[in-house]
Amino acid sequence: MQVKVKFFATFREIFNANEIEIELESAPNLQQLLNSLCKSRKCRQQIFERSGELRPSVVILKNGRQIQSLDGVQTSLEAGDTIAMFPPLGGG
Amino acid sequence: MSGILVEDEIRRYERQIRIFGAEGQEKLRRMNPNVELEVISKAIDKDSVDKLASDFDMIVDAMDNFPTRFLLNKTALKKNISLFYGAVHGFYGQATTIIPGKTACLRCIFPKVPPPISFPIIAVTPGIIGCIQATEVIKYALRMGSSLANRLLMWDGLNAKIDEVALERNPRCEDCGRE
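Peer 1: Looking at this model, I keep getting lost on the nonpolar core. Mind explaining?
Peer 2: General note: in soluble globular proteins, nonpolar side chains tend to be found buried as a group. A:Ile60, A:Met85, B:Ile59, B:Leu83 and B:Ile109 are the most contacted members of the largest nonpolar core, which totals 56 residues. Counting residues per element, this core draws most heavily on strand E3 (residues 82–89) of chain B, which supplies five residues.

Here you go:
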């Protein structure tokens, strides 16, 4: 199945892409998606804490909904889902 | 009444087009003598925020940190005041319009206070995001057009691209949740 991932702000530099469509095995969750996206050690360090948890500076929305209000990285994915990934911008 | 809340008027950044304080007040008054203008030189904190925002119909976020933004978010929700969020980092910017009870609030998007970091500023980016916020305020006041309600506008100055992300309310949101 295929999901769309959109990157914004500095995440475009981390993933070197604005948007990708990625093929996943059936019944995947967000953790599997992130594992597929973060192939390099550097990328993993920017997305995950040493403990394996998502860094607080990583915002992920599934179809507009914050994944922390769903099941976090265990949030299940379905074909056609759109995932948005970006950092919280704090300056003003 | 609308409020442009700037946390610290003492700081004078190169990105500030308007100069606040008495000088800025006078300049704005000359530009439009029909506008009633009151400058309040007071820090926004948990003790002052309710009183500062009490008479406002709109709050424009011009903060440079998340803790104060979350204070404004809570106050806007409590007092049913629309909040116009805008933030920047280098060439990147974000903006959305938060209408209490109708749209995702700031806490729906950012459930946890992000760790404080020093962020780079390219002086033009706050100008672009500020103009987008101002456009939202004018449309909201005139009840015209479509607002950024439940849409997070993403400005990418490096690639000269504007995108948007659909937002949804979090029913279990700490600040605006209904569950």
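Peer 1: What exactly am I supposed to notice about the interface of chain A and chain B here?
Peer 2: By a widely used convention, the size of an interface equals the accessible area lost when the partners come together. Taken residue by residue, the interface counts 19 residues in chain A and 32 residues in chain B. Every element with two or more residues in the side of chain A that touches chain B is listed here: strand E3 (59–62) and strand E4 (65–66) of chain A. In the side of chain A that touches chain B, the residues fall into eight nonpolar, nine polar and two charged.

Peer 1: How should I be thinking about helix H3 (residues 66–79) of chain B in this particular structure?
Peer 2: Along an α-helix, residues three or four apart share an orientation, since each turn contains 3.6 residues. Its 14 residues place the ends of H3(B) 20 Å apart at the C-alpha level, agreeing with the 20 Å of an ideal helix rising 1.5 Å per residue. With its phi angle positive at about 55°, B:Asn80 sits one or two positions after the end of H3(B).

Peer 1: Whenever I open this one, helix H2 (residues 30–37) of chain A confuses me. Can you help?
Peer 2: Residue and element names in this part refer to chain A. Among all positions of H2, only Leu30, Leu33 and Leu34 are buried. Buried positions in H2, seen along its axis, are confined to an arc of 95° and lie on one side of it. In this fold, the buried residues of H2 make contact with strand E1 (2–7), strand E2 (19–23), helix H3 (41–47), E3 and strand E5 (82–86).

Peer 1: Looking at this structure, I do not really get the sheet that holds E2(A). What am I missing?
Peer 2: Hydrogen bonds between backbone atoms are what pair the strands of a sheet, whose relative direction is either parallel or antiparallel. Residues and elements named next belong to chain A. With mixed pairing, five strands are arranged side by side in an open sheet as E2-E1-E5-E3-E4. Because the sheet does not close on itself, it has two edges, and the strands there are E2 and E4. Direction of pairing for E3 relative to E4: antiparallel, over a ladder of two bridges. The residue bridging Lys62 from the neighbouring strand is Arg65, located in E4.

Peer 1: Got a minute to help me understand the environment of A:Asn18 in this structure?
Peer 2: Residues and elements named next belong to chain A. Within the secondary structure, Asn18 sits in the loop between helix H1 (11–15) and E2. Residue classification places Asn18 among the partly exposed residues on the basis of 15 C-beta atoms within 10 Å. Along the primary structure Asn18 and Pro87 are separated by 69 residues, whereas in three dimensions their C-alpha atoms are 14 Å apart. The residues touching Asn18, leaving out its near neighbours within four places in the chain, are Phe7 and Arg12.

Criteria and cut-off values
Residues numbered from 1 in each chain as written. Chains lettered and ligands numbered in written order. Predicted model: local features only at pLDDT ≥ 70, side-chain atom pairs only at ≥ 80, totals over all residues. Core = buried A, V, L, I, M, F, W, Y, C linked by C-beta atoms within 7 Å. Buried ≥ 20, exposed ≤ 12 C-beta atoms within 10 Å, placed from the backbone. Helix = DSSP H or I, 4+ residues; strand = E, 2+ residues; numbered from the N terminus. Contact = placed C-beta atoms within 7 Å. Nonpolar A, V, L, I, M, F, W, Y, C, P; charged D, E, K, R; others polar. Expected span 1.5 Å × (residues − 1). Arc of directions from axis to C-beta. Pairing = 2+ DSSP bridges.

By themselves, these figures tell us nothing about what the structure is for.
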